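Structural overview
The chain contents come next:
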Amino acid sequence: MHDTTLLLVGHGSRGREGNKETINFAAQWREQHPDWRIEVCFIEHAEVFLDEGLDRAAKGAKKVIAIPFILNAAGHVKMELPHALSEARERHPGVEFIVTRHLGMGREVFAVLQGQLDRLMKQLAMPDPMTTGVVLLGRGSSDAGANGELAKMARWMFEENDHELVDLAFTGVTWPRLETVVQRQVRLGMMQIAIVPVYLFTGVLIERILEQVARLQQQYPQVSFALGTHFGFDPGIFALLDSRARGDQGEGAMLECDGCKYRELAEDEHLHDHSHTATGGCGHVHAPEHPHAHGHAHHAGCAHQHA
């Protein structure tokens, strides 16, 4: 690690507190590994963006390991990050740039979510899980693969516990929203509802969730609500970052779209409008407005469906 820089790449939040928490996480991670060089940058809504972050990380280093500090990989991770890495490699030809996979929805994150649910059940005085609904509440994306990863967590939670209902809701971009899911669960007889936000850090959306749950409690006074919180400082997240830094990828060291030739067809449109890339199938459909860009089969080196 003496000639290597670890670069945490956060999504970035419109609320300053969210970015501050990411920076504080990096500070705590440095304390755990004082011999590691750890830098931070953000994809949007921050002072230090990708290009500057990569340049800082490359200074005095032979290798830069970029770690997407993001739970679900959608358009920004699949498009902006590989593009920025390509340009950084040109600016710093003597530096090796590697990107790990994003945090993802694997067993490590599931364990953190399960811990959240366990604490919420205790907060509700351990009611019957058959009358206690669970809602996993994610950010939401136009990327079907990112939404599908969260749906996997909901299924795992259903199979791991005895709850009659474990549903999925999103704060924005896609559906269903929290109010709709709560209404359905109440109609189906749930007397308690545990809401588990799938967020690393605070931000505007976390504040919005608090307001939504307060309104729901007024609307359904007969139902007990328990709301979890963001979990970026959970020891499990530090352990997951440790494994990423040490190269324990599980699914390979390359981010899905780093080196994907079809990504380049979509870059001009996507990188300028900052709307999330619409996807489907395996969750990696890059959709450029090009008459011949439809119907590509999966190809070696990038297992995406490009439509």
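Cut-off values and rules
Residues numbered from 1 in each chain as written. Predicted model: local features only at pLDDT ≥ 70, side-chain atom pairs only at ≥ 80, totals over all residues. Heavy atoms only, no water. Pairing = 2+ DSSP bridges. Helix = DSSP H or I, 4+ residues; strand = E, 2+ residues; numbered from the N terminus. Right-handed = clockwise from strand over helix to strand, strands pointing away. pLDDT = per-residue confidence, 0-100. Contact = heavy atoms within 4.5 Å. Axes fitted to C-alpha atoms, helices over the stretch in contact; angles between N-to-C directions. Expected span 1.5 Å × (residues − 1). Buried < 20%, exposed > 50% of the residue type's maximum accessible area, 1.4 Å probe, protein only. Arc of directions from axis to C-beta. Parallel < 35°, antiparallel > 145°, perpendicular 65-115°, else oblique. Left-handed = near helix turned anticlockwise from the far one by under 90°. Nonpolar A, V, L, I, M, F, W, Y, C, P; charged D, E, K, R; others polar. Phe/Tyr/Trp six-rings, centres within 6.5 Å; stacked < 30°, edge-to-face > 60°. Lys NZ or Arg CZ within 6 Å of the ring centre and 35° of its normal.

A separate point is the pairing of strand β2 (residues 37-42). Pairing between strand β1 (residues 4-10) and β2: six bridges, direction parallel. Within β2, the residue paired with L8 across the bridge is V40. In terms of handedness, the path from β1 via helix α1 (residues 16-32) over to β2 forms a crossover that is right-handed.

Overall, the predicted model of the protein chain reaches an average pLDDT of 86, with 80% of residues at or above 70. Of the regions scoring below 50 in pLDDT, residues 250-255 engages in 15 contacts with residues more than four places distant in sequence or in other chains. A low-confidence stretch, residues 272-307 (pLDDT under 50), is modelled with 89 contacts involving residues beyond four sequence positions or located in other chains.

It is worth spelling out the sheet that holds β1 at this point. Sheet strands pair via backbone hydrogen bonds, and the direction of the pair is either parallel or antiparallel. Spatially, four strands are ordered β2-β1-β3-β4 in an open sheet, and the strand pairing comes out parallel. Each end of this open sheet is capped by a strand with a single partner; those strands are β2 and β4 (96-99). Direction aside, neighbouring strands of the sheet carry axes that sit 25 degrees apart on average. Relative to β2, helix α2 (residues 50-58) is tilted by about 170 degrees, and along the sheet it contacts β1, β2, β3 (63-68) and β4. Sheet contacts for helix α8 (residues 235-245): β1 and β3; angle to β3, the most-contacted strand, approximately 145 degrees.

One open sheet holds the four strands; their spatial order is β6-β5-β7-β8, and the pairing between them is parallel. Edge positions in the open sheet fall to β6 (166-170) and β8 (224-227), since each of these has one partner strand only. Sheet twist, expressed as the mean angle between neighbouring strand axes with direction ignored, is 25 degrees. As defined by bridge partners, strand β7 (residues 192-197) adjoins β8 across four bridges and the pair is classed as parallel. Of the residues in β8, the one forming a bridge with I193 is F225. Contacting β5 (132-138), β6, β7 and β8, helix α6 (residues 178-187) runs over the sheet at an angle of about 155 degrees to β6.

Quick look at helix α7 (residues 204-219) now. One turn of the α-helix equals 3.6 residues, which is why residues spaced by three or four share an orientation. Spanning 16 residues, α7 covers 23 Å between terminal C-alpha atoms, matching the ideal 22 Å at 1.5 Å per step. Buried residues of α7: L205, I206, I209, Q212, V213 and L216, and no others. Projection of α7 onto a plane perpendicular to its axis shows the buried side chains occupying an angular sector of 115 degrees, all on one side. Considering only its buried residues, α7 is in contact with β5, α6, β7 and β8.

Helices that pack against each other are described as a pair by the angle of their axes relative to one another and the distance between those axes. Packing of α1 against α8 brings their axes to within 11 Å, and their N-to-C directions diverge by 65 degrees. The pairing of α1 with α8 is recorded here as roughly perpendicular in orientation. Crossing of α1 against α8: the hand is right-handed. Along its contact with α1, which presents F25, Q28, W29 and Q32, the element α8 presents I237, F238, L241, D242 and A245. Within the contact of α1 with α8, the residues separate by chemical class into six nonpolar, two polar and one charged.

This part takes up the packing of aromatic side chains. Under the definition given, this model contains eight aromatic pairs. Ring geometry for F25 versus F201: centroids 6.2 Å apart, planes at 65 degrees, classification edge-to-face. Remark: F201 occurs in the loop between β7 and α7 and F25 occurs in helix α1; sequence separation between them is 176 residues. Of the two residues, F25 and F201, neither departs from the other in class, the shared state being buried. Both rings, one in F69 and one in F201, keep their centres 5.6 Å apart while their planes meet at 70 degrees; by these two values the pair is edge-to-face. Note that F69 is positioned in the loop between β3 and α3 (75-91) and F201 in the loop between β7 and α7, a separation of 132 residues in sequence. Between R107 and the ring centre of W156, over which it is positioned, the NZ or CZ distance is 3.7 Å. When the ring centre of W175 is taken as reference, the NZ or CZ atom of R177 above it lies at 3.9 Å.

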